[in-house]
Amino acid sequence: MTILAKHAAQRLVYDTLHSHGVDVEFDSVLSPTEGMLNGRRTILLGTNNYLGLTFDPDCIEKSVEATRSQGTGTTGSRVANGTYGGHIALERALAKFYGREHAMVFSTGYQANLGVLSTLVGRGDHLLLDADSHASIYDGSRLGGAEVIRFRHNNPDDLYKRLRRLEGAPGDRLIVVEGIYSMLGDTSPLKEIAAVKRETGAYLLVDEAHSLGVLGATGRGLAEAAGVEADVDFIVGTFSKSLGSVGGFCVSDSADFDVLRLVCRPYMFTASLPPGVVASTLEALVKLQAEPELRANLMNNAKRLYDGLCAMGYQTGPQVNPIVAVAMPDQETAVMAWKALLEAGLYLNLAIPPATPSNVCLLRSSISAAHTPKQIDTALALFADVGRQLGLLPADRRRAGGVV
Amino acid sequence: MRQTPQLILVGGSVEAAEKTPRDDVAAIFEQVLGHPVKISDHTDIVEDLGMDSLGVMNFVMAIEDFYDISIPLDRIAQIQTVGDLIHAVEDLRSGTPT
């Protein structure tokens, strides 16, 4: 009996997964799409590296230069000694990119949600979360003391019903949705959500973690793609996906935005981003805007994988996006399929409840603009082999009708 | 695969009005679990009825629809037994502050 005995159930899951060897440790990473794993060259199909910028020579150069000239870390909070010119430049660049007045940079995307959600609303206010929200949104909602109400995933009618039930109650209402949901790759019905927001006088926050650099004519995300940027009061996002580094941000036109810097504890009580990270992120943001072909490649690659899996008869998420998830019948099969793919040289994410919606077990891929068509075709061939070996796909037919 | 079955329950009929809250709750449990259940105020929703977190969420949403209320997350976290649930529903319906 130890102090951790209370987590016995989770321990059992951990031990089971561990015994199947699901802990992955890369010997080295060779490029945005390849790494060495157990001495084998492996295609990386689950790294959220949407634009493939982690090895961009200019981003690396800027990062090295900043590290050499400014050191490896700031060793301090943004409100003390941790604000350098680079942090301010990155905030200005983000505000300009989004066409907003204000931007604030956090040390991780998780902290951005924790900080923003816990300070925009507090005791006496109402936070309305999509039921499939990311853990950082749930955790942020608990930190602030607002009343938290869940609405059915991607269901504007259910959201409306819940806001109507709040009629007459004092306090602000804040609706929180995500641009692309991280497990199945489905987008929020943002036009309809924005209409509910307008009708009920609520505020709207969109987490564009997986949609920045992916959706919208200039890559600003789902709000841009859906044409409702004016209705979105706050956008939160991360640098650790399409921008290839680490960190989080919030942009807004809210007049008194800067007060957040003094009331937002996950912003204040942590060290700021190291200069090398800030510098590569700034450069990646330049690339994102200067090279729209990255987004086009990304979507073409996503479609190639999604269509290929659907044609084989795999059950995937509801729409084509760079996150392509395949449903497995149960955890045991999911682990077996995941291991077989890995041993054949394909890495992707094994996703099991409670991290997944509807308690489904998933093999979750994320596509990069840097993948070649050949790599995707290799991945598809491996999916076909493993699917037939495990009886997930019919053995004698190469094509089974779409199942989605 | 995204869709979870949504329960459409019609509340507010004459018959429903004559039932006790526990009858309504039992009926909703039956719909979510797919088989009849015997419940009392002391029935533990997770332990005795074998519900996982997804089952609890679907069940809570069905209860919310039936009574036209929203049960805040912190309130849900405090609910362990059927008695706790009925108490929370009654509080929320009468507008008693938590």
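Residues numbered from 1 in each chain as written. Chains lettered and ligands numbered in written order. Predicted model: local features only at pLDDT ≥ 70, side-chain atom pairs only at ≥ 80, totals over all residues.

Topic: the confidence of the model for chain A
- For chain A, per-residue confidence averages 95 on the pLDDT scale, and 98% of positions sit at 70 or higher.
- Between residues 398–404 of chain A, whose pLDDT stays under 50, and residues either more than four places distant or in other chains, the model counts 12 contacts. (pLDDT = per-residue confidence, 0-100. Contact = placed C-beta atoms within 7 Å.)

Section: unusual backbone geometry
- Between A:Pro353 and A:Pro354 the backbone carries a cis peptide bond, its omega angle lying at 5 degrees.
- Here A:Pro354 shows up in the loop between strand E13 (349–351) and strand E14 (361–366).
- In this model, A:Asn48 sits at a positive phi of 55 degrees, which is unusual for a non-glycine residue.
- According to the C-beta neighbour criterion, A:Asn48 is partly exposed, with 19 such atoms within 10 Å.
- A positive phi angle, near 55 degrees, is found at B:Asp68, a position not held by glycine.
- As for its placement among the helices and strands, B:Asp68 is situated in the loop between helix H3 (53–67) and helix H4 (73–78). (Helix = DSSP H or I, 4+ residues; strand = E, 2+ residues; numbered from the N terminus. Buried ≥ 20, exposed ≤ 12 C-beta atoms within 10 Å, placed from the backbone.)

Topic: helix H2 (residues 21–33) of chain B
Residue and element names in this part refer to chain B.
- Across its 13 residues, H2 extends 18 Å between first and last C-alpha, which sits within 8% of the 18 Å expected from 1.5 Å per residue.
- Within the sequence span of H2, burial applies to Val 25, Ile 28, Phe 29 and Val 32. One face of H2 carries all of its buried residues, which in axial projection span an arc of 105 degrees.
- On its buried side, H2 packs onto H3 and helix H5 (82–94).
- Positive phi appears at Gly 34, one or two residues downstream of H2, with a value of about 80 degrees. (Expected span 1.5 Å × (residues − 1). Arc of directions from axis to C-beta.)

Regarding the sheet that holds E14(A)
Residue and element names in this part refer to chain A.
- Strands sit in the order E11-E14-E13 across an open sheet of 3 strands; the sheet is antiparallel. The open sheet has two edge strands with one neighbour each: strand E11 (323–328) and E13. With strand direction ignored, the average angle separating the axes of adjacent strands in the sheet is 25 degrees.
- With 3 bridges connecting them, E13 and E14 associate as antiparallel partners. Across the sheet, the residue bridging to Leu 350 is Leu 363, located in E14.
- Strands in contact with helix H12 (residues 293–312) are E11 and E14; relative to E11, the strand with the most contacts, it is inclined by about 20 degrees.
- Set on the sheet, helix H13 (residues 331–343) makes contact with E11, E13 and E14; between it and E14 the angle comes to about 35 degrees. (Pairing = 2+ DSSP bridges. Axes fitted to C-alpha atoms, helices over the stretch in contact; angles between N-to-C directions.)

Re the packing of H12(A) against helix H14 (residues 373–389) of chain A
Residue and element names in this part refer to chain A.
- One way to put it is that H12 packs onto H14 with a least axis distance of 10 Å and a crossing angle of 20 degrees. If you check the angle between H12 and H14, you find them roughly parallel. The handedness of the crossing between H12 and H14 comes out as right-handed. Counting all contacts with H12, which are made through Asn 301, Arg 304, Leu 305, Gly 308, Leu 309 and Met 312, the residues of H14 involved are Pro 373, Ile 376, Ala 379, Leu 380, Phe 383, Ala 384 and Gly 387.
- Split into classes, the residues belonging to the contact of H12 with H14 amount to 9 nonpolar, 3 polar and 1 charged. (Parallel < 35°, antiparallel > 145°, perpendicular 65-115°, else oblique. Left-handed = near helix turned anticlockwise from the far one by under 90°. Nonpolar A, V, L, I, M, F, W, Y, C, P; charged D, E, K, R; others polar.)

Describing the interface of chain A and chain B
- Opposite the 18 residues of chain A that make contact, chain B presents 14 residues.
- Elements with a minimum of two residues in the side of chain A that touches chain B: strand E6 (147–151) and helix H6 (156–165) of chain A.
- Among the elements that line the side of chain A that touches chain B, the one with the most residues is E6(A), at 4 residues.
- Here the side of chain A that touches chain B is composed, by residue class, of 9 nonpolar, 3 polar and 6 charged.

Brief notes about the nonpolar core
- Membership of the largest hydrophobic core comes to 112 residues, with the highest contact counts inside it found for A:Leu128, A:Val176 and A:Leu362.
- Leaving out residues up to four positions away in the same chain, A:Val176 has contacts with A:Leu117, A:Leu127, A:Leu128, A:Leu129, A:Asp130, A:Ser133, A:Ile137 and A:Leu205. (Core = buried A, V, L, I, M, F, W, Y, C linked by C-beta atoms within 7 Å.)

Comments concerning the sheet that holds strand E2 (residues 34–37) of chain A
- Taken together, the 4 strands give an open sheet; going across it, the order is E1-E2-E3-E12 (chain A), and neighbouring strands pair in mixed fashion. The open sheet has two free edges, formed respectively by strand E1 (26–31) and strand E12 (346–347) of chain A, since each of these has just one partner strand.

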